[in-house]
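# Analysis of the macromolecular model
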Amino acid sequence: MYTKTGHTSQNAKEKAAKNTAIVIGGGFGGLAAAMRLLAKGYKVLVFEKNMELGGRGSCIIKSGYRFDLGPTIVTLPNMFRELWQFCGRNFDDDVDLKPLDEFYKIKFWDGKSITISENYDEVLDQVRGLSSSDEGGFRKFLGDAERRYKVAFENTHTMGREPMNKLWATLKMLPIFALLRADRSVFSHVAKRVSDPRLRFALSFHPLFVGANPFTVTSMWGIVSHIEKEFGISTASGGFGGIAKAMGKVIQEMGGTISLGEEVQEIIVEGRVAKGVRLKSGETIDAEVIVSNADPMTTYSNLGKRTRKKWWSYENLTKKKWSMSLFVWHFGTKGTKDLWRDVGQHTILQGPNYKGEVDKIFFNGGLDEDMSLYVHRPTRNDATAAPPGDDTFYALACVPNLQIDPDFDWAKDAEGYKEKVLKTLEARLLPGLSGHIAESYYMTPLDFKDRYNSPFGAGFSLEPGMFQSAWFRPHNISEEIKGLFLVGAGTHPGPGVPGVLASAEVVTKLIPSIDVEENNGKLSINTDTNIKESLAAE
């Protein structure tokens with residue numbers, strides 16, 4: 001059952017640790033881990049500090065407008081379907097997915113555009129219209145992306161869905177990485193295939209949506225173009241908030257407990273072994289397994305602060321490269337259903353200086369006047385996102401995190417930046433917008449820091465660079481504390497909804513099952529060995 005703020009369910013108050021797993025955080029990684037652990041026989045308790053499930057994928061409702069706070073598209077629906085199947089259920093019974101014909105439109109700075117859709121013959125026609133000499137290179141890049149996908153994520157035995165806590169698991173991949181030129185950045189690899197700067201942008205911008213710099217991140221992140229082509233893009237009725245609610249429903253029906261508005265303050269550790277958690281209310285809950293969906297720095301430096309760290313100390317993690325942050329302006333518009341007919345669900349507005357803008361975001365700090373924007377209009381395909389006849393939008397700008405640009409005063413200057421975003425939108429996409437705005441809400445790096453306990457307000461935890469991935473990324477099984485496991489964007493395999501779901505898949509490969517047998521209509525749980533013995537930290 002769900003419990004509201006200040007009250008823990010009766011089940012959560014029972015301090016029976018045996019075969020109990022506590023999940024810290026109700027983001028998609030935590031919810032997926034809870035579902036899988038319930039299927040493996042554990043008693044599962046989920047604690048979420050906010051009043052909504054979904055973490056970065058949650059939503060809020062203001063005056064009838066639904067504002068989806070995070071991801072907007074489903075790119076690998078098989079990841080959800082396999083999760084439901086693991087639990088003996090059918091994803092499509094609980095979630096209504098709608099495949100999109102038009103994925104997104106990119107409006108380049110020069111006024112030209114390209115629409116990426118399920119019809120790749122039409123896409124190639126547009127490629128020829130932009131640069132006829134680049135069609136062959138465009139096709140070749142899609143082939144490159146497919147090969148990377150097959151190595152990284154194609155099935156449950158590929159590296160993105162297997163544990164990487166052993167160094168050898170990464171070292172044995174080095175010959176393949178060399179063949180795929182993983183040493184190149186995504187942009188460098190794209191530049192080897194196409195020469196037109198607009199097509200270079202169209203094929204290389206995707207890493208920004210997992211918090212990575214296209215000019216430095218490994219070309220393995222070039223897989224997105226293949227994923228779009230092969231699996232398409234879908235939207236969910238009710239947005240990702242609707243999917244999160246469906247996951248919560250499955251957890252409840254499988255016997256799990258979800259407590260909303262309950263913040264875990266500390267992981268209780270005795271002799272470097274996790275014994276349970278202490279809530280902000282002071283209550284302690286015992287458990288044999290702790291799964292943290294919090295950021296690794298938050299997990300180790302805040303929740304596990306009393307344990308001395310060898311690998312993942314605050315000092316070590318601070319020195320890592322963190323993903324950029326985001327400024328996201330959500331707004332509802334009155335009576336605009338039939339306005340801006342050429343604006344679909346997903347639009348990308350390219351700014352005038354791609355490389356310069358990215359350098360500011362990741363290295364130099366500062367904000368461009370003419371920024372690139374991702375504009376989401378969910379009401380194009382989901383009428384539940386706004387009152388009848390109205391629209392809901394969000395405009396997302398990539399901005400430096402609080403470590404890269406600590407001097408920008410978001411508390412004081414966010415409103416001014418929002419006005420610059422409005423000016424760009426009215427000039428390039430939504431003329432007359434200011435006269436239709438009925439509701440407004442925005443998130444800055446400060447909100448990411450406070451709402452999600454995200455270090456430096458980073459939008460996607462650690463940047464998924466080559467030496468911050470696989471074995472080099474915080475592992476799914478803790479070396480520091482026995483019985484502690486990590487899921488979410490900051491651990492292996494990395495950010496993005498498919499990666500977060502995969503982190504839960506990896507964790508449940510590392511946690512032994514409980515033998516659940518039916519005995520005269522009752523479930524008896526048998527374990528031949530002590531679970532803690534099986535969960536020994538490396």
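Residues numbered from 1 in each chain as written. Predicted model: local features only at pLDDT ≥ 70, side-chain atom pairs only at ≥ 80, totals over all residues. Heavy atoms only, no water.

Attention now goes to the packing of aromatic side chains. Under the defined criterion, the tally for this structure stands at 28 aromatic pairs. Seen from their ring centres, Phe215 and Tyr354 are 4.9 Å apart, and the 55 degrees between their planes marks the pair as tilted. In this pair, Phe215 is assigned in the loop between α10 (197-204) and α11 (224-231) and Tyr354 in helix α15 (residues 354-364), connecting sequence segments 139 residues apart. By the burial criterion, Phe215 is buried, and Tyr354 matches it. For the pair Phe327 and Tyr417, a centre-to-centre distance of 5.0 Å together with 90 degrees between the ring planes defines the contact as edge-to-face. Of the two residues, Phe327 is situated in strand β15 (residues 325-333) and Tyr417 in helix α16 (residues 410-428); the sequence distance between them amounts to 90 residues. With respect to class, Phe327 is no different from Tyr417; both count as buried. (Phe/Tyr/Trp six-rings, centres within 6.5 Å; stacked < 30°, edge-to-face > 60°. Helix = DSSP H or I, 4+ residues; strand = E, 2+ residues; numbered from the N terminus. Buried < 20%, exposed > 50% of the residue type's maximum accessible area, 1.4 Å probe, protein only.)

What follows is about the sheet that holds strand β19 (residues 437-443). Adjacent strands of a sheet form backbone hydrogen bonds with each other and so pair up, either parallel or antiparallel. Ordered by their spatial adjacency, 7 strands build an open sheet running β8-β7-β16-β17-β18-β15-β19, and the pairing between neighbours is mixed. On the outer flanks of this sheet lie β8 (113-117) and β19, each paired with one strand and no other. Shown here is a sheet whose adjacent strand axes are inclined to one another by a mean of 15 degrees, direction ignored. Where strand β7 (residues 102-107) and strand β16 (residues 346-349) come together, 3 bridges link them in parallel fashion. Within β16, the position partnered with Lys105 by the bridge is Thr347. (Pairing = 2+ DSSP bridges. Axes fitted to C-alpha atoms, helices over the stretch in contact; angles between N-to-C directions.)

To continue, consider the pattern of salt bridges. Applying the stated criterion across every chain, the model contains 32 salt bridges. The closest approach of N and O atoms between Asp183 and Arg181, which form a salt bridge, is 2.9 Å. Residue Arg181 is classed as partly exposed on the basis of its relative accessible area of 34%. For Lys420, the salt bridge is made with Glu369, and the minimal N-O distance between the two is 2.9 Å. Placement of the pair is Lys420 in helix α16 and Glu369 in the loop between α15 and β17 (373-376), with a sequence separation of 51 residues. Taking the relative accessible area as the measure of exposure, Lys420 reaches 33% and is therefore partly exposed. (Salt bridge = Lys/Arg side-chain N within 4 Å of Asp/Glu carboxyl O.)

Once that is clear, we can look at the sheet that holds strand β13 (residues 284-286). One open sheet holds the 3 strands; their spatial order is β11-β12-β13, and the pairing between them is antiparallel. The open sheet has two free edges, formed respectively by β11 (264-270) and β13, since each of these has just one partner strand. Direction aside, the axes of adjacent strands within the sheet are offset by 30 degrees on average. Pairing of strand β12 (residues 273-279) with β13, which is carried by 3 bridges, proceeds in the antiparallel orientation. Looking at the pairing, Arg278 lines up with Thr284 of β13.

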